[in-house]
Amino acid sequence: MPGLLGKKIGMISVFSADGKNVPCTVIEAGPCVVTQVKTVEKDGYKAIQLGFEEAKEKNTTKALQGIFKKAGTTPKKHLAEFKFDQEFNLGDTITVDIFNDSQFVDVVGTSKGKGFQGVMKRHGFGGVGQSTHGQDDRARKPGSIGACSYPAKVFKGMRMGGHMGTDRVTTQNLRVLKVIPEHNLILVKGSVAGYNGSTVMIQK
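Residues numbered from 1 in each chain as written. Predicted model: local features only at pLDDT ≥ 70, side-chain atom pairs only at ≥ 80, totals over all residues. Heavy atoms only, no water.

## Describing the packing of aromatic side chains
Just so we agree on the cut-off: Working definition: rings of Phe, Tyr and Trp (its six-membered ring) pair if their centres are within 6.5 Å, and the pair is stacked with planes under 30 degrees apart, edge-to-face with planes over 60 apart, and tilted otherwise. Each residue is assigned to one of three classes by its accessible area relative to the maximum for its type, calculated with a 1.4 Å probe on protein chains only: buried under 20%, partly exposed between the two thresholds, exposed over 50%.
Per the counting criterion, the structure on display carries one aromatic pair. Ring geometry for Phe84 and Phe88: centres 5.2 Å apart, planes at 80°, overall edge-to-face. Classification of Phe84 by relative accessible area gives buried; the value is 7%. Owing to a relative accessible area of 17%, Phe88 belongs among the buried residues under this scheme.

Here's what the structure looks like:
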């Protein structure tokens, strides 16, 4: 699926043609450089690897430095593979113009980290017991997590408290409201996972 790497700028709202206030996310999409071309003969599948955002050479491994040197470009911070129908060569630059004819896109991002959370926030539990009648320490507890006699264990996958956030989240079918090529920006309707400044992947 063709796409680009980009950076989430933030959220704004715009007015539609019929006067409605529409919330949208601003994404800086590209420009991305073709750093590798995968072929069926050599790699077993067809795809191109894109690089986004400048990186320091001292923070780039020797192996990656070789890839960037072969492509004739500077080191890049983020890499991802996309399947394009058209042919591209090493060192080619792909811009946000590829979304000019797109009505909808999928955006992949990493959700915000929320640390250790309990079951009410993490899984939407309703809590246990009443808030009165002498109990004061079970309001936000999960309740029973299994039998004690048989099978005498807690099953794998039991919903409990734990680390929440920093998950890979794909938001599908976001309507493309506007493409601004001169600033490498794309405006999509609705929200996108991640904090402002985080790297996202936009796919047709």
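Alright, that's what it looks like, and here's the rest.
## Section: the sheet that holds strand S5 (residues 76-82)
Here is the rule we go by: We call two strands paired when DSSP finds no fewer than two bridges between them. Segments assigned H or I by DSSP are reported as helices when at least four residues long, segments assigned E as strands when at least two residues long, and all are numbered from the N terminus.
Pairing in this open sheet of four strands is antiparallel, and the strands run S5-S4-S3-S6 from one edge to the other. Strands with a single pairing partner mark the edges of an open sheet, and in this sheet they are S5 and strand S6 (93-94). Where strand S3 (residues 32-38) lies against strand S4 (residues 47-54), five bridges are found, and the strand directions are antiparallel. Paired with Lys38 across the two strands is Ala47, which belongs to S4.

## Some words on the nonpolar core
In a soluble, globular protein the nonpolar side chains are often hidden away together inside. Filter applied, for reference: We define a nonpolar core as any set of buried Ala, Val, Leu, Ile, Met, Phe, Trp, Tyr and Cys residues linked to one another through side-chain atoms lying within 4.5 Å. Any pair of residues with heavy atoms lying within 4.5 Å of one another is described as a contacting pair.
Membership of the largest hydrophobic core comes to 29 residues, with the highest contact counts inside it found for Leu50, Ile94, Phe99 and Ile186. In this structure, Ile94 is in contact with Leu4, Pro31, Cys32, Val34, Ile48, Leu50, Phe84 and Phe88, ignoring residues within four places of it in sequence. Cys24, Ile180, Leu185 and Leu187 belong to the second-largest nonpolar core, a separate cluster that totals five residues.

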